[in-house]
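Chain by chain, the residues run as shown.
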Amino acid sequence: MEPVFRSLEIAAGLAVRVTGTRITFRGLDNIPATGGAVVAINHTGYVDFLPAALAATERGRRMRFMLKAEMGRVKIVNYLIKHTGAIPVDRKAGAGAYSVAVDSLRHGELVGVYPEATISRSFELKEFKTGAARMAQEAGVPIVPLIVWGAQRIWTKDHPKSLGHKKIPVTVVVGEPLVATGSVVEVDALLRARMSTMLDRAQRDYPAPAGAYWVPQRLGGSAPTPAQAKQLDEAELAERARKRAEREATGRT
């Protein structure tokens, strides 16, 4: 695992330099120097895992990510899953991945999770799943809130990739660790409130042109509102279900 992980760290650093991406880290000291922690990350695009991982690297740590099991169908991704300790999650049977994550936390590792589960088209926080809170409580570790802002400009849903030497600035803000005491619902609500405040500050400190697709409507952008984004998400899920039903029907005939 270690040689591949180190190779990935080098490749990630090279990718940042080649694209001219400028990552600003804030609050890195809030990542525990040792011991396990759930790192709760907002989800605005397909590459926000990279700045989050580099934050851990800057702190001298490495982060295991929980990711969708179907990503393992891609050969190179499957290789990376096996050699970097990533935790694939089967959405139909997530108990196994959950147990692996809790065990990793108990053994002193950082586990990166996306409480929103899927990308937010509005670039605001969606409702949270309770996995982060439950894992932290069961493993007896803190939750570290982490906000990535700007990476949605590189690659997000419904918009073309913006790769190449674009010099896109990205902000990573790490908040103070949250002790997971109280009920799961209370911890989940506190985590979301804290991350919402962090996200708002990161957004307001980031230069943004009026009407930009990657800026929330609340701040003068043209991104969907949370309500509109929810409708788009539901339409996407319905279309996936329709296609799945068609495939299954075709397989039976």
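Coordinates for the structure precede this section.
Residues numbered from 1 in each chain as written. Predicted model: local features only at pLDDT ≥ 70, side-chain atom pairs only at ≥ 80, totals over all residues. Heavy atoms only, no water.

**Q** Any chance you could explain the side chain of Gln203 here in plain terms?
**A** Here Gln203 is to be found in helix H6 (residues 184-204). Assessed through its relative accessible area of 4%, Gln203 is described here as buried. Those residues in contact with Gln203, other than ones at most four positions away along the chain, are Phe123, Glu124, Trp149, Pro216, Arg218 and Leu219. (Helix = DSSP H or I, 4+ residues; strand = E, 2+ residues; numbered from the N terminus. Buried < 20%, exposed > 50% of the residue type's maximum accessible area, 1.4 Å probe, protein only. Contact = heavy atoms within 4.5 Å.)

**Q** Even after reading the chapter, I still don't get unusual backbone geometry, so can you show me in this structure?
**A** Leaving glycine aside, a negative phi is the common case for residues, and trans is the common case for peptide bonds. The phi dihedral of Ala117 is positive, around 75 degrees, even though this residue is not glycine. Its place among the elements puts Ala117 in the loop between strand S5 (110-113) and helix H5 (131-139).

**Q** Help me out: how do you make sense of the layout of surface pockets in this one?
**A** Empty space among the atoms becomes visible once a probe the size of a water molecule is rolled across them. Empty space within the second largest pocket amounts to approximately 160 Å³. As for the second largest pocket, its lining consists of Arg26, Val173, Val174, Gly175, Glu176, Arg194, Thr197, Met198, Arg201, Ala202 and Asp205. Looking at the lining of the second largest pocket, the elements with two or more residues in it are strand S7 (169-174) and H6. Among the elements that make up the lining of the second largest pocket, the one with the highest residue count is H6 (five residues). For the lining of the second largest pocket, the class distribution of residues is four nonpolar, two polar and five charged. (1 Å grid on protein atoms, 1.4 Å probe; cavity = no way out; pocket = protein on both sides within 12 Å on 5 of 7 lines; lining within 4 Å. Points joined across faces, edges and corners; volume = space filled by probe spheres on them. Nonpolar A, V, L, I, M, F, W, Y, C, P; charged D, E, K, R; others polar.)

**Q** Hey, could you run me through the nonpolar core in this one?
**A** Within soluble globular proteins, side chains that are nonpolar generally end up buried alongside one another. Formed by 63 residues in total, the largest nonpolar core has its most connected members in Val38, Ile41, Met135, Ile143 and Leu146. Residues in contact with Ile41, not counting those within four places in the same chain, are Ala52, Met63, Phe65, Gly112, Val113, Tyr114, Pro115, Glu116, Leu146, Val148 and Met195. (Core = buried A, V, L, I, M, F, W, Y, C linked by side-chain atoms within 4.5 Å.)

**Q** Any chance you could explain H6 here in plain terms?
**A** Each turn of an α-helix holds 3.6 residues, which means side chains three or four residues apart point in the same direction. The first and last C-alpha atoms of H6 sit 30 Å apart over 21 residues, in line with the 30 Å expected at 1.5 Å per residue. All of the buried residues in H6 are Val187, Asp188, Leu191, Met195, Met198, Leu199, Ala202 and Gln203. Buried residues in H6, looked at end-on, bunch into an arc of 130 degrees, giving them a common side. Turned more than 90 degrees away from the buried face of H6, the exposed residues are Val185, Glu186, Arg201 and Arg204. Residues of H6 that are buried sit in contact with strand S2 (37-41), H5, strand S6 (143-149) and S7. (Expected span 1.5 Å × (residues − 1). Arc of directions from axis to C-beta.)

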